[in-house]
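Structure at a glance
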Amino acid sequence: MKLARTLLQTPRVVGVGLAASIVGGLGGVGCFVEGEGLPPPVEGLYYPTGLAVSPGGRVLYVANSDFDLQFNGGTVQALDLQRLRKRALTLQSGLAPGGQDASGGVRGACDAVGLKTNAASSLYPGPCGPLNLSALQGDEEVVRSSAVIGAFASNLLLVHRPLSGEAADPGAERQARLFVPVRGDPSVTFFDVADDRFDDAGAQRCQGEACFRLDCGASAAGGRCGRDHRIGEDPGQELIRRKLPLEPFGIAAGPDGTSIVVSHQTENAASVIVNRWEASERPQLAYVLTDLGLGPTELAAVPRPSVLGELEKNGWGIDYQPAFAVTYIASSELGLLRYQDAASGAAPRLNESTPTPITALARGTDSRGVAFDASERQACEDGCAGGADVAECLERCVEIPIPVYVAHRGPNSLLIGELTTTLVKKGSDVGTEGRASVYDTIAFSDAAPLGAYPSRIEIGEVIDPEGVPRRRVFALAFDAGLAFSYDPEARRVDAVIKTGRGPQALAFDTGSACGDEKERCDREQGGAGRDTYSLMYIAHFTDSYLGVVDLDMRKASTFGTMILTVGTPVPPRESQ
């Protein structure tokens, strides 16, 4: 237990991405005994490490890690994103030059949302004091549900059952699940959660309290998740390959959410979880791939070309295995893993494809976050709907390369490359069975310098001066307390955002707000009353709170700054 506390005082070690900080952290894991000690605070945040925003804009999911083992576990919480958005956008408006009231600038803006002015700017940035989650009740309550998990959660992933397209069952129930790698068990704990997506399938999205459910087999609301929801910890599974390796960290899902891949940093391994959407089947650990490069860390799913679904509807056989990119701390390459499902009768498994060498920089080792931006190809594919020859249109879309970005530390940079996809069609003559497959190739060609020790990266959007969403690549630097915004069109870092200490995870709430409650607008609501916005949520690991950053370039006084602090910041115990 002492080891975990000591690591809090060594930010360069912790900053390598939390899991790497605990290469010796198995000593910390060894201190964790389920059920002993105080229950974790369910109304507050405690060393948050993972964030996810529901696509309908109702829920912000948070994973808390209990990193210093002050409690008998960590937590997963469902926060009311609509109520947070209302406060953030009200504060944004009040801080604008035209929105300041006669009582005086920042103080008036903070008063309007029930907050005092910031009296501890050295602990957390922003104009106002923190939003105390434990003091909010009734219509102001933000933490709407919670559940207890093991210690040392490292990440969080939200996946949905497809509503339409080739992978969907038209009569299927709407389903969504959260997956949380927990190093203290070790396990991947899963939750059945609500689905609040807008869609064209005629299904009703969640309503009211149902939007915030966290079903993990707990015996009571806010209780500890059941063991049957901890994948890889089942004592009845005696085969070594059915035991989850130590230190689960990175996590990503295949295109239809049926394959979940997890990296294991100290084991040089990756595991695959099969997530069947049928109500009677629980997700199960299916295979562990060993002997990977040194220090596999973050994962990202390679986007699947839509043309494959269209060809399958037209009678073509499809040879396709979902692919996952993986970064390494001590190997100068970007790995590519492929998932082979059980459709052919063989057991599910992972296979390692030829990796991509990282040679664009002097040193190719020490890569962290990885992300693909398939927005241009996706826009092309969306434009093919309803055309005379959809398959031919989609084949042209395959030719559009997909940018890939990697946070790198040798030197500190954002690596920039492209994924190119080649479609191969065979045997399409009359009387023969046509088959189609795709091959992916990744190459790096450029790098943008970043500040000290970049870690996690995500693709998000800012609102430009004309009110149009524009893509950006956001990279966190844990040790430096910074977030970088990279503009892929201008090919430069266009904003450096000051965060608090230890930014660990980020998520985005971007859309149009409707009505006084600032609910995310439905596509059916048209243009009346719509107010485009973009907010970025940052989980601050070191001081246990969330920061809300304004990403609206029309708001010159607040763009690129933290405007709201969610949760009361608390320094690590030994630094107080």
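A brief look at the structure comes next. Worth saying up front: this structure is predicted, and the values here are computed from it rather than measured. (Residues numbered from 1 in each chain as written. Predicted model: local features only at pLDDT ≥ 70, side-chain atom pairs only at ≥ 80, totals over all residues. Heavy atoms only, no water.)

Considerations on the overall build of the chain
A count of helical and extended segments in the chain gives eight helices and 31 strands. Taking all 576 residues of the chain together, 58% fall into the buried category. Taking the contacts inside the chain whose residues are at least 6 apart along the sequence as the reference set, 62% of them involve residues at least 24 apart. Per element, the accessible surface of the chain, about 22800 Å² overall, is 48% carbon and sulfur. (Helix = DSSP H or I, 4+ residues; strand = E, 2+ residues; numbered from the N terminus. Buried < 20%, exposed > 50% of the residue type's maximum accessible area, 1.4 Å probe, protein only. Contact = heavy atoms within 4.5 Å. Areas by Shrake-Rupley, 256 points an atom, 1.4 Å probe, with all protein chains shown as cover.)

Thoughts on the sheet that holds strand β24 (residues 469–477)
The strand order across the open sheet built from four strands is β23-β24-β25-β26, with neighbouring strands paired in antiparallel fashion. Two strands close off the open sheet at either side, each with one partner strand: β23 (454–463) and β26 (492–498). Neighbour to neighbour, the strand axes of the sheet diverge by 25° on average, direction disregarded. (Pairing = 2+ DSSP bridges. Axes fitted to C-alpha atoms, helices over the stretch in contact; angles between N-to-C directions.)

Some thoughts on the packing of helix α7 (residues 375–382) against helix α8 (residues 390–398)
Look at α7 against α8: their axes get within 9 Å of each other, and the N-to-C directions meet at 170°. Taken together, the axes of α7 and α8 are roughly antiparallel relative to one another. Between α7 and α8, the residues in contact are R377, C380 and E381 and L394, C397 and V398, respectively. (Parallel < 35°, antiparallel > 145°, perpendicular 65-115°, else oblique.)

What to know about the sheet that holds strand β12 (residues 269–274)
An order of β10-β11-β12-β13 is seen for the four strands of this open sheet, with the pairing classed as antiparallel. Of all strands in the sheet, those with a lone pairing partner are β10 (248–253) and β13 (284–289), marking the two edges. Each strand axis lies, on average, 25° off the axis of its neighbour in the sheet, ignoring direction. Direction of pairing for β12 relative to β13: antiparallel, over a ladder of five bridges. In the sheet register, A270 faces β13, and the bridge partner there is L289.

A look at the packing of aromatic side chains
This model, assessed by the stated rule, comprises eleven aromatic pairs. Judged by centre distance (5.1 Å) and plane angle (75°), the rings of F67 and F541 are edge-to-face. Taken together, the positions of F67 in the loop between β2 (59–64) and β3 (74–80) and F541 in the loop between β29 (531–540) and β30 (545–550) put the pair 474 residues apart, joining distant regions of the chain. Here the two residues F67 and F541 agree in accessibility, since each one is buried. An aromatic cluster is built from Y46, Y47, F67, F71, F152, F478 and F541, whose rings are joined through pairwise contacts. (Phe/Tyr/Trp six-rings, centres within 6.5 Å; stacked < 30°, edge-to-face > 60°.)

Here's the deal with the side chain of D66
Mapped onto the fold, D66 is located in the loop between β2 and β3. The buried charged residue D66 lacks any salt bridge partner; its closest oppositely charged side chain belongs to R224, at an N-O distance of 7.9 Å. (Lys, Arg positive; Asp, Glu negative; His and termini not counted. Salt bridge = Lys/Arg side-chain N within 4 Å of Asp/Glu carboxyl O.)

Examining the pattern of salt bridges
Counted under the stated rule, the structure contains 28 salt bridges. With its nearest N and O atoms 2.5 Å apart, the salt bridge here joins D195 to R197. Look at R197 and you get buried, because its relative accessible area is 15%. The closest approach of N and O atoms between D543 and R501, which form a salt bridge, is 2.6 Å. Linking D543 in the loop between β29 and β30 with R501 in the loop between β26 and β27 (503–514), this pair joins segments that are 42 residues apart in sequence. The network of salt bridges with shared partners includes D80, R83, R144 and E209.

Observations concerning the nonpolar core
For soluble globular proteins, nonpolar side chains are generally found buried alongside one another. Judged by nonpolar contacts, the single largest core of 34 residues is most densely connected at L51, L60 and L546. Secondary structure elements with two or more residues in this core: β1 (48–53), β2, α4 (81–95), α5 (105–112), β27, β29, β30 and β31 (562–566). With six residues, α4 is the single largest residue contributor to this core. Membership of the second largest hydrophobic core comes to 24 residues, among which are V59, A78, A147 and C216. (Core = buried A, V, L, I, M, F, W, Y, C linked by side-chain atoms within 4.5 Å.)

Let's talk about the pairing of strand β6 (residues 176–182)
In terms of burial, β6 is a largely internal element, seven of the seven residues being buried. By the alternation rule, side chains of β6 split into A176, L178, V180 and V182 and R177, F179 and P181, which are all buried. Sheet topology note: the strand β5 (residues 157–160)/β6 ladder contains four bridges and is antiparallel. Note on β6: the bridge partner recorded for L158 is L178. Relative to strand β7 (residues 187–193), β6 is paired through seven bridges, and the arrangement is antiparallel. If you follow A176 over to β7, its bridge partner there is V193. Where β6 hands over to β7, the hairpin turn is made up of four residues, counted between the paired strands.

Topic: the state of the cysteines
A full pass over the atoms with the stated rule returns six disulfides. Sulfur-sulfur distance for the disulfide between C206 and C211 comes to 2.1 Å. Looking down the S-S bond of the C206 and C211 bridge, the torsion is 105°, so its handedness is right-handed. C211 matches C206 in its accessibility class, with the two residues each being buried. (Disulfide = S-S within 2.5 Å.)

Quick word on α5
Taken as a whole, α5 has its buried residues at G105, G108, A109 and C110. In this structure, the buried side of α5 is in contact with α4. Trailing α5 by a residue or two, G114 shows a phi angle of about 75°, which is positive.

Concerning the side chain of T542
Within the element layout of this structure, T542 appears in the loop between β29 and β30. Given a relative accessible area of 15%, T542 falls into the buried group. For T542, the residues in contact, after removing those within four places along its chain, are Y47, F478, R501, G502, V570 and P572.

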